Amino acid sequence: MNKEPGMTLIVKTITRLTVGFILLYGIYILVHGHISPGGGFAGGVIIALSFIHLMLAFGKETALSKLSKPAAALFESFGAIAFLAIATLGFMGGYFFFNFFTDKGEPFKLFSAGIIPLCNIAISVKVAAGLFSIFIILVLLKFKTDDKKEDK
Amino acid sequence: MVIMYVLLAMMIIAAIAAIEMEDLISSVIAVGAVGLVLSIAFLVLKVPDLAITQLVVEILCLIILIRATLKRDLPFSASGRWFLNTFIAVAFVVIFLIFAYYSVKDLPTFGYPVMKVAKFYVDSALLKTGATNIVAAVILDFRAYDTLGEATILFTAVIGVMAVMRRIGRKKIGEKIEDENE
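Here the structure is a predicted model, which means the values were calculated and not measured.

A. Region of the structure containing the overall build of chain A. The helix and strand inventory of chain A stands at 5 helices and 1 strand. Listing every helix and strand of chain A by position from the N terminus yields α-α-α-α-α-β. Here chain A holds 152 residues, and 48% of them are scored as buried. Of all intrachain contacts in chain A linking residues separated by at least 6 positions in sequence, the fraction that spans at least 24 positions is 63%. Carbon and sulfur atoms make up 71% of the accessible area of chain A, which amounts to about 8,000 Å² in all.

B. Looking closely at the packing of aromatic side chains. Taken as a whole, this structure holds 4 aromatic pairs over all chains when the rule is applied. When the ring of A:Tyr25 is compared with that of A:Tyr28, the centres are 6.3 Å apart and the planes differ by 25°; the resulting orientation is stacked. One end of the pair, A:Tyr25, and the other, A:Tyr28, are both in helix H1 (residues 9–31), 3 residues apart, so they sit about a helical turn from each other. Judged by relative accessible area, A:Tyr25 falls into the partly exposed class, the value being 44%. Residue classification places A:Tyr28 among the partly exposed positions, given a relative accessible area of 42%. Measuring from ring centre to ring centre gives 5.4 Å for B:Tyr101 and B:Tyr102, while their planes differ by 70°; the resulting arrangement is edge-to-face.

C. Local environment of the pattern of salt bridges. All names here are of chain A. Inspection of the entire model under this criterion finds 1 salt bridge over all chains. We note a salt bridge from Lys 126 to Glu 76, for which the minimum N-O separation is 3.2 Å. Placement of Lys 126 in helix H5 (residues 116–140) and of Glu 76 in helix H4 (residues 69–89) is noted, with a sequence separation of 50 residues between them. With respect to burial, Lys 126 and Glu 76 carry one shared label: buried.

D. Representation of the packing of helix H2 (residues 24–44) of chain B against helix H3 (residues 48–69) of chain B within the structure. All names here are of chain B. Relative to each other, H2 and H3 sit at 175°, their axes nearing to 8 Å. The orientation of H2 with respect to H3, classified from their angle, is roughly antiparallel. Contacts between H2 and H3 involve Leu 24, Ile 25, Val 28, Val 31, Gly 32, Gly 35, Leu 36, Leu 38, Ser 39, Phe 42 and Leu 43 from the former and Pro 48, Leu 50, Ala 51, Gln 54, Leu 55, Glu 58, Leu 62, Leu 65, Ile 66 and Thr 69 from the latter. When grouped by side-chain class, the residues that make up the contact of H2 with H3 number 15 nonpolar, 5 polar and 1 charged.

E. How the structure looks around the nonpolar core. Residues A:Val45, A:Met55, A:Phe83, A:Leu131, A:Phe132 and B:Leu60 are the most contacted members of the largest nonpolar core, which totals 48 residues. For this core, the secondary structure elements donating two or more residues are H1, helix H2 (40–58), helix H3 (60–66), H4 and H5 of chain A together with H3, helix H6 (134–142) and helix H7 (144–165) of chain B. By residue number, the principal contributor to this core is H5(A), which donates 13 residues. Excluding anything up to four places from it in sequence, B:Leu60 contacts A:Val45, A:Leu49, A:Ile52 and A:Leu131. Within the second largest apolar cluster, 5 residues are counted, among which are B:Met4, B:Leu7, B:Val37 and B:Ala41.

F. Structural context of H7(B). Residue and element names in this part refer to chain B. With 22 residues, H7 extends 32 Å from end C-alpha to end C-alpha; this agrees with the ideal 32 Å at 1.5 Å per step. Those residues of H7 that fall on the buried side of the exposure criterion are Ala 144, Thr 147, Leu 148, Ala 151, Leu 154, Val 158 and Val 161. Relative to the axis of H7, the buried residues are bounded by an arc of 150° and lie together on one face. Those residues of H7 that are exposed and aimed more than 90 degrees away from the buried face are Tyr 145, Ile 153, Ala 163 and Val 164.

G. Spotlight on H6(B). When H6(B) is considered as a whole, its buried residues turn out to be B:Ala136, B:Ala137, B:Val138, B:Leu140 and B:Asp141. Tucked into the core, H6(B) has its buried residues touching H4 and H5 of chain A together with helix H5 (117–129) and H7 of chain B.

H. Structural detail: unusual backbone geometry. Positive phi, normally seen in glycine, also occurs at B:Lys46, with a value near 65°. Exposure remark for B:Lys46: the relative accessible area of 72% places this residue in the exposed category.

I. Expanded view of the confidence of the model for chain A. All names here are of chain A. Within chain A, residue pLDDT values average 79, and 85% of them lie at 70 or more. Looking at the elements of chain A, mean pLDDT is at its lowest for strand E1 (residues 141–145), recorded as 54, and at its highest for H1, recorded as 90. The model gives residues 144–152 a pLDDT under 50, and that stretch makes 9 contacts with residues more than four places away or in other chains.

J. Focus on the environment of A:Ile22. All names here are of chain A. In this structure, Ile 22 sits in helix H1. For Ile 22 and Ile 47, which are 25 residues apart along the polypeptide, the C-alpha to C-alpha distance reads 7.3 Å. Apart from the residues lying within four places of it in its own chain, the contact partners of Ile 22 are Ile 46, Ser 50 and His 53.

What counts, and at which threshold
Residues numbered from 1 in each chain as written. Chains lettered and ligands numbered in written order. Predicted model: local features only at pLDDT ≥ 70, side-chain atom pairs only at ≥ 80, totals over all residues. Heavy atoms only, no water. Helix = DSSP H or I, 4+ residues; strand = E, 2+ residues; numbered from the N terminus. Buried < 20%, exposed > 50% of the residue type's maximum accessible area, 1.4 Å probe, protein only. Contact = heavy atoms within 4.5 Å. Areas by Shrake-Rupley, 256 points an atom, 1.4 Å probe, with all protein chains shown as cover. Phe/Tyr/Trp six-rings, centres within 6.5 Å; stacked < 30°, edge-to-face > 60°. Salt bridge = Lys/Arg side-chain N within 4 Å of Asp/Glu carboxyl O. Axes fitted to C-alpha atoms, helices over the stretch in contact; angles between N-to-C directions. Parallel < 35°, antiparallel > 145°, perpendicular 65-115°, else oblique. Nonpolar A, V, L, I, M, F, W, Y, C, P; charged D, E, K, R; others polar. Core = buried A, V, L, I, M, F, W, Y, C linked by side-chain atoms within 4.5 Å. Expected span 1.5 Å × (residues − 1). Arc of directions from axis to C-beta. pLDDT = per-residue confidence, 0-100.

See the structure below:
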């Protein structure tokens, strides 16, 4: 095993070219969730996939320098609390999840549909950070035992 | 309708291949083929939202499964009480089919839904929410409680994975926590 972490030079070069576009496509999907197919969940998964792509190609140091484990935990909690906060703000109009913008905006424009884009952004932050941390936990964490009695 | 039968046949063949493969990675790739054909089936049925979600989640699951199974020699036990297991599985399938026969009979025919509730959404989604994607209007405005439940499910899944995989609380002497560097 060579000292340099990650995959071969071909994979690294292609990753350097494509990972930005993958992240950008995820952001496009999530921002246009109320206009075209897609939405918060799919956009969040694509954003998480761009970080996983980085980790598979360059090793864990590069990916964790972009989004560290405490930052992922923070973002996931932030997304959950932001979604709940938007839901609770609906009490301004009367009930839970009330779409409290009186001016809904013009259809087919980016800034329309009231709270739906905000909910999409909150959900996507939560999904991206959550799936990335699941990947980190399942793939990276290993437990090494020195005594051979245990792993029989 | 022919293309749906072709896709369903491909899915069934890939699922059988996933069971019958000896190699674990080949089996995982066959499971991935099932999911990809399913996303094409969603696209044929004109559900692009579900197709996108199914595609990206399938890719993520495939990556996690391959990275999780690549370097572990997982024990594969095909021996044991195969007669009892097969009997229980067949019995459950028969019971499920009996109940499904009576419940599917009462469903509306394929492609002609009754649309009592959906008609309200189709009529008033654009006026009440301003969202042109009616799916987004339903899951984030009319039925936002369901989306809150989904978000809670994902949160619980992360916490559950951490609770299962994390062994810091019962670490033994001489055991080190190491991150694999690759």
